[in-house]
Amino acid sequence: MEDSINEMKRKSEGFWRSSWRRFRKSKLGMIGLFLVLLLIGTGLLAPVLANDQPIMCRFKGEIHAPGLVELTWNIPFAKHVIKKSFPFDQAGFRFRKRFEREKEEGDWAWLPPVPYHPNGTSTNVLQPATTEHFIGTDEVGRDLAARMIYGARVSMLVGFVSVGISTIIGLFLGCLAGYFGGIVDVLISRLIEIVLCFPVFFLIVSIVVWRPPSIWNVMIVIGLVRWTGTARYVRGELIRLRDSEYALAARALGASSARVIFRHLLPNSLAPIFVTVTFGIAAAIAVEASLSWLGFGVQPPQASWGNILKQAYVNIQTAPHMIFPPCIAIFIAVLSYNLVGDTLRDAVDPRVAKS
Amino acid sequence: MFEYLVRRLLLLIPTLFGITIVVFTIVTLAPGDPAAMRASDIMDPEMSQRIQEDLTKRFDLDKPIHVRYVKWLGRLVTLDLGTSMSDDNPIFDKIANAFWPTFSVNAASVFLAFLISVPIGIFAAARRNGWFDRTSGVLLYGLYSVPSYVGALLLVYWLGVKWDLLPFSGMYSDDYHTFSPMAKFFDQVSHMTIYVVCVMYGALAFYSRFVRQNLLEVIQQDYMRTARAKGLKESVVIVKHGFRNTLIPFLTMIGLIVPSLIGGSVILEYMFSWPGLGRLFFNAIQQRDHPMVMALSTATAVLVLFSTLIVDLLYGFVDPRVSHR
């Protein structure tokens, strides 16, 4: 008896928990999620996965951890606070050469699995896979594996930041148009309609030349162009919800417009936005690679999958080993985000869940 | 119906106006003086200076932005696209020359994609969760996640370089003019093949999923049960009663396809050295050829706008349940 009362008292399963339960059931979705986490992990851990400096070492009797220091640079502005110890902070310091020569008794080095810097050139140009370079080298003798790892970092960063920008713009304009209606709605709806008339890539290429090519420029431009879907969805949702009883109740209690929108209305329509975000990241990764290929995106020598593709196409006759790594990486990245997006769409849709 | 048409056409005016403003702002805000860029190629400094001044004057680059906008709009209304800033040829001619290469590739790939995807979609939906549905579903899902340029790179490597079966650069062979008409045709087709496949496979995946999804919805309708109860053959039920009813949502797709027919893919045309509209756009952007970029963007946007309108109107004709009032 007491048990059944406790059973009834227990809080019912929340929306996110039940969505996650449904998500977990999909094998493909979980594979996608695993690959996504793997790619994000690769991007974040790039400095200790591919680096010509050791993760940790004892050099001339002192303990250094240049790899770990670089890892902390993932945190914004940490670069200015946490610095490498001497001599690892010196430009042009070749650790492996010096270590061979000046090693003392008891010195050791824990090197990353790919012991090359992504920008470190060598005379082994366009070399296919060897034991030294796992998947070969590029046109100026840089290790391809190291460049692929750093490319993952670029792709993940571009995906998240650009979709973050576009989602914020879409939410903002969608809320304005949907909640306030009237002339604001007319103007924003027209703007959406106008932007939708342009092929996305045309628009991106036109705007991307405003500023010198760089990874930040690419992120901002993709974000500025791809917000229409979110804006349209949010507008529709808010029009549907703004006259609901609970919105009316909140307003009657004296809540401000911002509070009604952000506390009461948006949380009820947020789930499908996560689906849009996931698909958006997949698209942004593909767009970034093509922009870098065309020379509008990430600039060499910085590594990006698009830059590697470009060089692979230039050297297609002589160095076919360069083709497959970026192709496979882009395919996996796009596929895994699509898988997560599709599974998420079914998981957050209560109508699908009931059937 | 007539009233609806008038209302829609009137609504087009502010949108068209907005399109021109967006195009003009985006293009003129881009840094870099187009006159200086073109004049920089000329070695003689005095000559270079003169040409730069001449160009600045001819394209009104020294006038304030609103004056230039009004002038440009005035010419646009009379369908005068002006001349290209990079080589002084009329923009209309340049677009007309680039139109056929882009259109032929896109039309061929859309046609092939339909030809293949409709049967795939029908078979997959008819035996839902059968082996064909599952295999085709997985394969198409995979294809859908391969960006066209990635597929292009792999196809160029295998078909073009490794097995040396097909050419992958330009539209014709170098000695094209010496060929017989038949050989000319085959030469063109072989130059197009890889490109067409690259454009096609993404569309193929998209269309098949679309056909399957819509057919699955139609299959649950009452009239399908009625058709079966009448004792019709299953193939007749699926194709005549089922598939024909999916053609209405298909209209939406046609609205999406028309613009893609002329919007050349920038990256694919760049890869294949294809002399089409995408490449024209890419070159114009790089040379800061403002009139060219504006003409291409406006033309594409207007085309998109009108094809959406036509599709909306067609709904009324195709589906009597939709009424335009």
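Counting from 1, residues in each chain are numbered in the order their sequence is written. Chain letters and ligand numbers both follow the written order, the letters beginning at A and the numbers at 1. Where local features are concerned, this predicted model is filtered to residues with pLDDT of at least 70; where side-chain atom pairs are given and counted, the filter is 80 or more; whole-chain, interface and lining totals use all residues. Heavy atoms from the whole structure form the basis of all side-chain values; hydrogens and water molecules are not counted.

Engineer: Quick rundown of the packing of aromatic side chains? Include the residues and the values.
Structural biologist: Each Phe, Tyr or Trp ring, with Trp reduced to its six-membered ring, pairs with another whose centre is within 6.5 Å; inter-plane angles below 30 degrees give stacked pairs, above 60 give edge-to-face pairs, and intermediate values give tilted ones. By the definition in use, this model includes 32 aromatic pairs over all chains. Ring geometry for F123 of chain B against F132 of chain B: centres 6.0 Å apart, planes inclined by 70°, an arrangement best described as edge-to-face. Taken together through their ring pairs, the aromatic side chains of F59, F88, F93, F95 and F99 of chain A make up a single cluster. Charge-over-ring contacts are defined here by two conditions on Lys NZ or Arg CZ: a distance within 6 Å of the ring centre and an angle within 35 degrees of the ring normal. Sitting above the plane of the Y116 of chain A ring, R96 of chain A keeps its charged end 5.1 Å from the centroid. The ring of Y144 of chain B has R209 of chain B sitting right over it, with the charged end atom 5.7 Å from the ring centre.

Engineer: Mind laying out the interface of chain B and chain A, listing which residues take part and the relevant values?
Structural biologist: Contact between two residues is taken to exist if any of their heavy atoms lie within 4.5 Å; hydrogens are not considered. The interface is formed by 43 residues belonging to chain B together with 38 residues belonging to chain A. Interface of chain B and chain A: buried area, both sides summed, is about 3,700 Å²; carbon and sulfur atoms make up 79% of it. Summed over both partners, the accessible surface that disappears when two parts come together, traced with a 1.4 Å probe, is what is meant by buried area. Of all residues in chain B, Y141, Y149 and L153 of chain B give up the largest surface area on contact with chain A, accounting jointly for 17% of the area buried on that side. Polar contacts, as counted here, are pairs of nitrogen or oxygen atoms within 3.5 Å of one another; within protein the pair requires one atom able to donate a hydrogen and one able to accept it, and residues that are adjacent in sequence qualify only if both atoms are side-chain atoms. Between chain B and chain A we count eight residue pairs in polar contact (both at pLDDT 80 or more) in total. Under the DSSP-based scheme used, a helix requires at least four consecutive residues in state H or I and a strand at least two consecutive residues in state E, with every element numbered from the N terminus. If you list the elements that add at least two residues to the side of chain B that touches chain A, you get α1 (2-29), α6 (131-144), α7 (148-162), α11 (266-271), α12 (277-286) and α13 (290-318) of chain B. Element by element, the count of residues in the side of chain B that touches chain A is highest for α1 of chain B, at ten residues.

Engineer: Run through the nonpolar core, naming residues and quoting values.
Structural biologist: The biggest cluster of nonpolar side chains holds 121 residues, and the ones touching the most others in it are F296 and W305 of chain A together with Y149 and F272 of chain B. With twelve residues, helix α15 (residues 271-294) of chain A is the largest single contributor of residues to this core. Contacts of F272 of chain B, omitting those with residues within four sequence positions, involve A152, V156, F168, S169, G170, I194, Y195 and C198 of chain B. What we call a nonpolar core is a set of buried Ala, Val, Leu, Ile, Met, Phe, Trp, Tyr and Cys residues that are connected through their side-chain atoms within 4.5 Å. For every residue, the accessible area (1.4 Å probe, protein chains only) is compared with the maximum for its type, and the residue is labelled buried under 20%, exposed over 50%, or partly exposed between those bounds.

Engineer: Residue-level account of the packing of helix α8 (residues 144-180) of chain A against helix α12 (residues 228-241) of chain A, with values.
Structural biologist: All names here are of chain A. Lines fitted to the C-alpha atoms define the axes, with helices restricted to the stretch that makes contact. Angles between their N-to-C directions range from 0 to 180 degrees. At a minimum axis distance of 7 Å, the contact between α8 and α12 shows a crossing angle of 35°. Viewed along their axes, α8 and α12 form a crossing whose handedness is right-handed. Listed contacts from α12 to T167, G170, L171, G174, C175, A177, G178 and Y179 of α8 are T230, A231, V234, R235, L238 and I239. Throughout this entry, Asp, Glu, Lys and Arg are counted as charged residues, while Ala, Val, Leu, Ile, Met, Phe, Trp, Tyr, Cys and Pro are counted as nonpolar. The remaining residues, Gly among them, count as polar. Considered class by class, the residues forming the contact of α8 with α12 number eight nonpolar, five polar and one charged. By convention the crossing between two helices is left-handed if the near helix lies anticlockwise of the far one by an angle smaller than a right angle, and right-handed if it lies clockwise.

Engineer: Would you mind going over the domain arrangement of chain B in detail, with residue names and values included?
Structural biologist: Residues and elements named next belong to chain B. These domain limits were set by an automatic method or by a database of domain assignments. Here chain B is partitioned into domain 1 (2-77) and domain 2 (97-318). Spacing between the C-alpha centres of domain 1 and domain 2 amounts to 33 Å. Both faces considered, domain 1 and domain 2 share a buried interface measuring about 1,600 Å² in area, 81% of it formed by carbon and sulfur atoms. Counted as salt bridges are all cases of a side-chain nitrogen of Lys or Arg within 4 Å of a carboxyl oxygen of Asp or Glu. Taken together, the connections running from domain 1 to domain 2 amount to one salt bridge. Between R8 and D312 there is a salt bridge, and its shortest N-O distance comes to 2.7 Å. Taken together, the connections running from domain 1 to domain 2 amount to one residue pair in polar contact (both at pLDDT 80 or more).

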